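Architecture at a glance
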Amino acid sequence: MRVVGTAGHVDHGKSSLVKALTGIEPDRLAEEQARKLTIDLGFAWLTLPNGETIGIVDVPGHEDFIENMLAGVGGIDIGLLVIAADEGVMPQTREHFAILKLLEIPHIIVVLTKIDLVDDAEWLTLVELDIHELLEASPYADAPLVRVSARTGEGIDALVQALLLSLETLPPKFIEGTPILPIDRVFTKTGFGTIVTGTLIRGILQVGDYVEIQPNDIQGRVRGLQQYQKDVDVAYAGGRVAVNISGIEHKSIMRGDVLTFPETLHSTKLADVELHCLLDAPYSLKHNMSVKVFVGTAECMARVRLLFDDELRVGQSGYAQLLFERNVPLLRYQRFIIRIPSPPTTIGGGIILDVGPRRKWKRQRSEVKARFERLSRGQPIDLLIETLSQVRYPITIQMASAKSELAEEMILALIDHDDIVYMPPYLIHSEVLFHYQKRALQALQDWHAEHPMMTGMRPVVLQERLGLEHSAFGVILEWLILKGSIVQEGDFLRLPDFQVTYTKTQQNALRQLEKMLSQNLHMPPSIKEATALVGEDVFESLLMQGVFI
């Protein structure tokens, strides 16, 4: 299943086009129908001649409601750029087109509407020349243009054929892994309870699944699923879905939240990004500037930390961190739009490179730039290595898959790399492992210096000094022992070259104890007598070494 979305200037006939195409009125609000003006998102669907059903999201064109438009276009596969033949390219045409480009919507079809209102062929030619000029320097230079009249039905069949051709060129949807449903509508229905809707951009949902709503970690269960007003047991990535959830009050969910499986998607207030300032933006992007970020179906204020520039001028790109005012559910390589709140204007957008950076990076650092460049390339090995570097402890292949968003099969194919240490089923970055090796050896060296008569350190003490939880410590300790960096004798750990040492006085006392033992094999000295002779510390040392039992 796929989703198509409209875009274009106010009153250019987007909703009328959707109704002519599908027979469904997308304007669901009474105010919208009374004013004949789309205010919020509208939804419809169309069954194509090949039997495929596609969802259609109708967005408002008025500049006052462009932020509602942004909640609807993030998950679409094809954009219908609607331009009225009697007016041509207008301000919101340009802004909506810029948004489609920033979001890298795979395909667009230009729909020239209201052709029944124009009898002047020269005017239509001029309008189409204007459209080609708008498209020519973009990835959509060869986008098809279809002339349509929603009133007479002219061109509707041609538009359907254009949709079929565009759909054939789309890559398959990623239906494996965790389901991701950015929520664009929340409501309640008598007898059913809470219902959320959205475009399932990844994975599979099934009736009975336990799910979680981010960013608030609210959990419930899928009671029912609908796609295009038909009950289904399973919903696959790519289509519009209505999810009936039990166990969650509808008031605790809002547009912009994300439905997924429990403990698989974590929200954040800090993200590493690559930013682009639009060529025709009225303002440049400055360091520490406050912007409104639109990602998925969410919107949130954020501060921009430019890492290698003080300013991004129009048309420029750069690396940055976004500091959000609240937790926002994000995906790696998800695209977003940025606007300034006053006057409300779209000035750019970008792509999420990392949803969980460890900290705010220091500016103008070459190693930080190298990291961003690796993430920007997006090669699987770069993603895996960067994920392991950020985690800072051993993780399973399953956890690595969830954090890097790489398939487990892909990860297994990448583990034979100098930067990766694989101890089934755990992975750890070699630099992270060497970091813990250095700390462990130093801890044992200090211990031996402080306790020269003790065989070694108990594992639990080393674990505490390294600050690791039990399973992570076990993986690192196993590797250190296998490599011969640490020796384990019974319940104690030591360095390979360490030997218990005694002072000359203690050595003399030990010789006397040995003599007493050899001369009195059947009546050895008591513990009290032996302790009095060699001292309590030496006696405990002998017990640890197994000299006495």
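Below, the structure is looked at part by part. In this text the structure is predicted, and so the values were computed from the model without any measurement.

1. Thoughts on the pattern of salt bridges
For the coordinates displayed, the defined rule picks out 17 salt bridges. Between Arg151 and Asp116 there is a salt bridge whose closest N-O contact spans 3.0 Å. On the criterion of sequence distance, the pair formed by Arg151 in the loop between strand E6 (145-147) and helix H6 (156-168) and Asp116 in the loop between strand E5 (107-113) and helix H5 (121-135) is long-range, its members being 35 residues apart. Here Arg363 ties to Asp310 by a salt bridge, and the two come within 3.2 Å at their closest N and O atoms. One end of the pair, Arg363, is in the loop between strand E23 (344-354) and helix H7 (366-377); the other, Asp310, is in the loop between strand E19 (298-306) and strand E20 (311-312), with 53 residues separating them in the sequence. In this structure Arg363 comes out as partly exposed when scored by relative accessible area, which is 26%.

2. Structural notes on the packing of H7 against helix H8 (residues 380-391)
At a minimum axis distance of 8 Å, the contact between H7 and H8 shows a crossing angle of 135 degrees. Taken together, the axis directions place H7 and H8 in an arrangement best described as oblique. As for how H7 packs across H8, the hand of that crossing is left-handed. Along the contact surface, H7 presents Arg371, Arg374, Leu375 and Arg377, while H8 presents Asp382, Leu383, Glu386 and Gln390. Per-class residue counts for the contact of H7 with H8 are two nonpolar, one polar and five charged.

3. Brief notes about empty space enclosed by the protein
What the rule picks out here adds up to one cavity of 30 Å³ or more. For the lining of the largest cavity, the residue count by class is nine nonpolar, four polar and no charged. Here the lining of the largest cavity gathers at least three residues from each of two domains, domain 2 (180-260) and domain 3 (267-370).

4. Some words on the sheet that holds strand E26 (residues 426-429)
Strand pairing in a sheet takes place through backbone hydrogen bonds and is either antiparallel or parallel in direction. With respect to topology, three strands assemble into an open sheet ordered E24-E26-E25, the strand pairing being antiparallel. Edge positions in the sheet fall to strand E24 (395-396) and strand E25 (420-423), since each of these pairs with one other strand and no more. Direction of pairing for E25 relative to E26: antiparallel, over a ladder of four bridges. For Met423, the partnering residue across the bridge sits in E26 and is Tyr426. Where helix H11 (residues 430-450) meets the sheet, its contacts fall on E25 and E26, and the angle it forms with E26 comes to roughly 80 degrees. The sheet strands contacting helix H13 (residues 470-482) are E25 and E26, and the helix crosses E25 at an angle near 100 degrees.

What counts, and where the lines are drawn
Residues numbered from 1 in each chain as written. Predicted model: local features only at pLDDT ≥ 70, side-chain atom pairs only at ≥ 80, totals over all residues. Heavy atoms only, no water. Salt bridge = Lys/Arg side-chain N within 4 Å of Asp/Glu carboxyl O. Helix = DSSP H or I, 4+ residues; strand = E, 2+ residues; numbered from the N terminus. Buried < 20%, exposed > 50% of the residue type's maximum accessible area, 1.4 Å probe, protein only. Axes fitted to C-alpha atoms, helices over the stretch in contact; angles between N-to-C directions. Parallel < 35°, antiparallel > 145°, perpendicular 65-115°, else oblique. Left-handed = near helix turned anticlockwise from the far one by under 90°. Contact = heavy atoms within 4.5 Å. Nonpolar A, V, L, I, M, F, W, Y, C, P; charged D, E, K, R; others polar. 1 Å grid on protein atoms, 1.4 Å probe; cavity = no way out; pocket = protein on both sides within 12 Å on 5 of 7 lines; lining within 4 Å. Points joined across faces, edges and corners; volume = space filled by probe spheres on them. Domains from an automatic or database assignment. Pairing = 2+ DSSP bridges.

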